[in-house]
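# Chains, contacts and geometry: an overview
Read off the chains here:
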Amino acid sequence: MVGTPINGRTRLSFGVVNGGHDLGPSSAPPSNAGSDYGIIEFTREDVEALLNEKAKRKDRFNYKERCENMMDYIKRLKVCIRWFQDLEISYSLEQEKLKSSLELAQQKCTEIELLLKIKEEELNSIIVEMRRNCTSLQEKLVKEETEKTAAAESLVKEREARLNFERSQSTLQEDLGRAQRELQSANQKILSLNDMYKRLQDYITSLQQYNGKLHSELSTVENELKSVEKEKATVVETLTMLKGQLTLSMASQEEATKQKDALASEVTSLRVELQQVRDDRDRQLSQAQTLTSELEKSKDFTEKSCSELNKLTLRTNELETKCALQDERIKVLQEKLTTAEEKLQVCDISASETRIEFEGQQKLVHEMQRRLADAEYKVIEGEKLRKELHNTILELKGNIRVFCRVRPLLPDEGSSTEGNIISYPTSMEASGRGIELTQNGQKHSFTYDKVFAPDTSQEEVFIEISQLVQSALDGYKVCIFAYGQTGSGKTYTMMGRPGHPGEKGLIPRSLEQIFQTKQSQQPQGWKYEMQVSMLEIYNETIRDLLATNKSSADGTPTRVENGTPGKQYTIKHDANGNTHVSDLTVVDVQSVKEVAFLLNQAASSRSVGKTQMNEQSSRSHFVFTLRIYGVNESTDQQVQGILNLIDLAGSERLSRSGSTGDRLKETQAINKSLSSLSDVIFALAKKEDHIPFRNSKLTYLLQPCLGGDSKTLMFVNISPDQASSGESLCSLRFASRVNACEIGTPRRHTNGRPIESRLTYF
């Protein structure tokens, strides 16, 4: 047994006390009591073992041995008792010291309490005033925050709506562009059918109008026939009445003639009695005169009635002929009506057939649209599968992935009359992966893993690398670096535009994804620790962008420009392929805000200058490193990943940049390091035995990315300006050589956390 040290004294093993055989020159000094052993500490188990120890008896009658054993046992008891006495003395001394220190502390506490009371009164008065001010300020703050939140919400909604509208508009325009080509023939057929249908409808409406006219004429003719029949009936009634009157007048005339004959006979017979009946004769004469007048009247009436009868017969004949003509006309109209109804039925049948055909065409169009949507979905899924398989093939081969991004033309570059020097193939194999550059009438074609046109947004670019960023959380080493000439958009790709959230670069978007994934994997038992470091290589010198002075006047750390003075930062590689930079500032981070603050600090410390090619030209190579250490408490699984995001300085020609003085030295150092990088790429592509990594600080720092087990991606940034065609062609050729390089196969790091937890690069 070994005791714990108390008051600086080391407790020896109990075997030393019991046997005394382990005592050596390294033992503690002897006690003040003259013990043969050093200062020994005992535990309760040691004391109980000593008290319960029984004497070893080999020979019951060997009193000498028994006495020696008893003397040894008594000696050990004395040592134990002496240890207890010393311990008691030390405890009493310590108790007195503690009492004195307690009295002093109590006095200090009383003084501090008095001071605290005074300060408390002062602070209470200040707090009262501050509370009054705070309430008014809180009210103002609440109002401003409500207005600010409302404005922010409306702004966010408008931005989201605008982004959604732009995305939906772009997708819909693409869908329409594809669908319109395949629907042109169907639309032409539909237009012809619509024209036919309109013509048939016009013909049907004209027939219906003509049929309505015929029906109206038929109704008028029927009304005229009815009126004629009524007039005919009245005329027939009048004729029958006249015929009756005529027969009555004829009968009265015959009776008068008969009476005349009778009277003549009576006159002859009664001539004798003429005198007697002279009065009767005069009366009879007067009667005869009246009768003759009546006869003449009846004759006139009969003549008039005969003329009227002739007129009526003529009119009846005319009406009969007119009725016959109307009947013939009605028959013709009925025949036309039957033919029109037959034609209308034929038109209805043809219209129904065209409608059925139109519906069939619509169904065919819908089916074609559905097939088109299915085909587009299959194309998208196939593209995703192709990307995954392509990434897997590249990882198995160990190739460096290369993405090409073309920046938009600037306002002062849009006046070129020579046309666009960059085009994009539209074939199925090269779509989204090919780029063509025209220089001096000659076209140069290149193919990479992905090509981004000038209208590609930052979000679309990040979606392509999001799986690679996820690999860092899964325990892989990941390196993404941007390459290109000055002013080609490297810093915009990596960092974005400050103050514009929609144009954030790959570094802030990668950090957001990593911390969101970290939050989402907590329920699964994963816990992550993260460390950040940032450096730049300026004129072949490493600068710590997060270096601070720890001894400031107010006690807060202050930033030191261009690294800590006097420090020499060196790059070292260990046997596991890890890279260490000595004396580099490492910061533990817990959120995106902390990293954003550090990025702003590093951006303000980075070397930036003005040249004729770029107003804000990066004059150094910027390296951002995030180390991720994860542990799953439920499965005891451990992963250690590293994410390196590098913004290289831009290559430039001295004739175009117009650099002089310090800018000239910077340009020469940048071009030298980039030429060293091209030498390394050439050696890797040719699979040479010696790779010149040590020719520059940049290539030596990138050695694990270019020749180790890291997942590496290079962004080659291109300017579409005609004046930059030479530099763009050189960058594209260099990117093709990088894409052809084979490095080590990526390996997942699942080892435990090392003892030295400083930041490991690459």
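Just so it is clear, the structure is predicted and the values come from calculations on it, not from any experiment.

## With respect to the overall build of the protein
- From N to C terminus, the protein includes 13 helices and 18 strands.
- For the protein, the residues scored as buried account for 34% of the 762 residues in total.
- By sequence separation, contacts in the protein at least 24 residues apart represent 72% of the contacts at least 6 residues apart.
- As displayed, the protein offers around 48300 Å² of accessible surface, 54% of which is attributable to carbon and sulfur atoms.

## With respect to the nonpolar core
- Cys-404, Ile-435, Tyr-448, Leu-706 and Met-714 are the most contacted members of the largest nonpolar core, which totals 50 residues.
- Broken down by element, the residue count for this core peaks at seven residues, all from helix H10 (residues 662–686).
- Other than its neighbours up to four places away in sequence, Leu-706 contacts Ile-400, Leu-677, Val-680, Ile-681, Leu-684, Phe-693 and Ile-743.
- The next biggest cluster of nonpolar side chains, apart from the first, holds 39 residues, and it includes Ile-465, Met-494, Met-530 and Val-639.

## Notes on helix H5 (residues 458–473)
- The first and last C-alpha atoms of H5 sit 22 Å apart over 16 residues, in line with the 22 Å expected at 1.5 Å per residue.
- Listed as buried for H5 are Gln-458, Val-461, Phe-462, Ile-465, Ser-466, Leu-468, Val-469, Ser-471, Ala-472 and Leu-473.

## Considerations on the pattern of salt bridges
- One pass over the structure, following the stated rule, counts 10 salt bridges.
- A salt bridge links Lys-443 to Glu-436; the shortest N-O distance between them is 3.5 Å.
- For Glu-436, a relative accessible area of 16% translates into the label buried.
- Between Arg-543 and Glu-536 there is a salt bridge; the shortest N-O distance is 3.6 Å.
- Judged by relative accessible area, which is 16%, Arg-543 ranks as buried.
- Ionic contacts of the salt-bridge type, sharing partners, join the residues Glu-367, Arg-370, Arg-371 and Asp-374 into one network.

## Some thoughts on the sheet that holds strand S3 (residues 434–439)
- Overall, antiparallel pairing links the three strands, which are arranged S2-S3-S4 in an open sheet. The sheet is open, and its two edges are formed by strand S2 (422–423) and strand S4 (442–447), each paired on a single side.
- Of the strands in this sheet, S3 and S4 touch helix H13 (residues 725–740), which is tilted by about 145° from S3.

## Side note on the side chain of Ser-676
- As for its placement among the helices and strands, Ser-676 is situated in helix H10.
- Classification of Ser-676 as buried rests on a relative accessible area of 5%.
- In contact with Ser-676, not counting residues within four places along its chain, are Asn-695, Ser-696 and Thr-699.

## Describing the packing of aromatic side chains
- One pass over the structure, following the stated rule, counts seven aromatic pairs.
- Between the aromatic rings of Tyr-483 and Phe-734, the centroid separation amounts to 4.6 Å while the plane-to-plane angle is 35°, which identifies the pairing as tilted. Here the residue Tyr-483 occupies a position in strand S6 (residues 477–484), and Phe-734 occupies one in helix H13, the gap between them amounting to 251 residues.
- Relative accessible area serves as the criterion here: at 9%, Tyr-483 is assigned to the buried category.
- Of the aromatic side chains, those joined through ring pairs into one cluster are Phe-403, Phe-452 and Phe-715.
- The ring of Tyr-476 is capped by Lys-711, whose NZ or CZ atom sits 4.2 Å from the centre of that ring.

## Looking at the environment of Ala-602
- With respect to the helices and strands, Ala-602 occurs in helix H8 (residues 592–605).
- Separated by 22 residues in the primary sequence, Ala-602 and Phe-624 have C-alpha atoms spaced 9.5 Å apart.
- Ignoring any residue separated from it by four or fewer positions in sequence, one finds Ala-602 in contact with Met-534, Leu-545 and Phe-622.

## As for a nonpolar patch on the surface
- A cluster of nonpolar side chains, namely Leu-123, Ile-126, Ile-127 and Met-130, defines an oily patch on the protein surface of about 360 Å² accessible area.
- Within the secondary structure layout, Ile-127 lies in helix H3 (residues 63–269).

## Structural notes on H13
- For H13, which comprises 16 residues, the first-to-last C-alpha distance of 23 Å matches the rise-based estimate of 22 Å (1.5 Å per residue) to within 8%.
- Those residues of H13 lying buried are Ser-725, Gly-726, Glu-727, Ser-728, Leu-729, Ser-731, Leu-732, Phe-734, Ala-735, Val-738 and Asn-739.

## Some details on the pairing of strand S1 (residues 401–406)
- Within S1, six of the six residues are buried, which leaves the element mostly enclosed by the surrounding structure.
- Alternating positions in S1 separate into two faces, Arg-401, Phe-403 and Arg-405 on one and Val-402, Cys-404 and Val-406 on the other, with burial throughout.
- With six bridges connecting them, S1 and strand S18 (residues 711–718) associate as parallel partners. Across the sheet, Arg-401 pairs through a bridge with Leu-713, a residue of S18.
- Sheet analysis places S1 next to strand S5 (residues 450–452), joined by three bridges and oriented parallel. Note on S5: the bridge partner recorded for Phe-403 is Lys-450.

## Quick word on the environment of Val-639
- Relative to the elements of secondary structure, Val-639 occurs in strand S17 (residues 637–647).
- C-alpha separation for the pair Val-639 and Asp-474, spaced 165 residues apart in sequence, amounts to 6.7 Å.

## Quick look at the pairing of strand S16 (residues 621–632)
- Counting buried residues along S16, 11 of its 12 residues qualify, which places the element largely inside the surrounding structure.
- Both S16 and S17 contribute to a ladder of 11 bridges, which runs antiparallel. In the sheet register, Phe-622 faces S17, and the bridge partner there is Asp-647.
- In textbook terms, the turn of a hairpin is the stretch between consecutive antiparallel strands, and for S16 and S17 this stretch comprises four residues, one of which, Asp-636, has a positive phi near 60°.

## Quick notes on the confidence of the model for the protein
- Scored by pLDDT, the protein has a mean of 76; 77% of the residues are at 70 or more.
- This stretch, residues 1–38, has a pLDDT under 50; its non-local contacts, to residues over four places away or in other chains, come to 61 contacts.
- Segment residues 550–564 is flagged for pLDDT under 50; beyond a separation of four residues in sequence, or across chains, it makes 26 contacts in the model.

## Looking at the packing of H5 against helix H7 (residues 506–520)
- As a packed pair, H5 and H7 sit with axes 9 Å apart at the nearest point and diverge in direction by 50°. Overall, the two elements H5 and H7 adopt an arrangement that is oblique. Crossing of H5 over H7 shows right-handed handedness. Seen from H5, the contacting residues are Gln-458, Glu-459, Val-461, Phe-462, Ile-465, Ser-466, Val-469, Gln-470 and Leu-473; seen from H7, they are Leu-506, Arg-509, Ser-510, Gln-513, Ile-514 and Thr-517.

## A short note on the packing of H7 against H8
- Between H7 and H8, the least distance of the axes is 10 Å, while the angle of their chain directions is 160°. On the basis of the axis angle, H7 is roughly antiparallel to H8. Taken as a pair, H7 and H8 cross one another with a handedness that is right-handed. When H7 is examined against H8, the residues Ile-507, Leu-511, Glu-512 and Phe-515 are found in contact with a partner set consisting of Val-592, Val-595 and Leu-599.
- In the contact of H7 with H8, the residues fall into six nonpolar, no polar and one charged.

Conventions we followed
- Residues numbered from 1 in each chain as written.
- Predicted model: local features only at pLDDT ≥ 70, side-chain atom pairs only at ≥ 80, totals over all residues.
- Heavy atoms only, no water.
- Helix = DSSP H or I, 4+ residues; strand = E, 2+ residues; numbered from the N terminus.
- Buried < 20%, exposed > 50% of the residue type's maximum accessible area, 1.4 Å probe, protein only.
- Contact = heavy atoms within 4.5 Å.
- Areas by Shrake-Rupley, 256 points an atom, 1.4 Å probe, with all protein chains shown as cover.
- Core = buried A, V, L, I, M, F, W, Y, C linked by side-chain atoms within 4.5 Å.
- Expected span 1.5 Å × (residues − 1).
- Salt bridge = Lys/Arg side-chain N within 4 Å of Asp/Glu carboxyl O.
- Pairing = 2+ DSSP bridges.
- Axes fitted to C-alpha atoms, helices over the stretch in contact; angles between N-to-C directions.
- Phe/Tyr/Trp six-rings, centres within 6.5 Å; stacked < 30°, edge-to-face > 60°.
- Lys NZ or Arg CZ within 6 Å of the ring centre and 35° of its normal.
- Patch = residues over 30% accessible without salt bridge, like charges linked within 9 Å, V, L, I, M, F, W, Y side chains within 5 Å.
- pLDDT = per-residue confidence, 0-100.
- Parallel < 35°, antiparallel > 145°, perpendicular 65-115°, else oblique.
- Left-handed = near helix turned anticlockwise from the far one by under 90°.
- Nonpolar A, V, L, I, M, F, W, Y, C, P; charged D, E, K, R; others polar.

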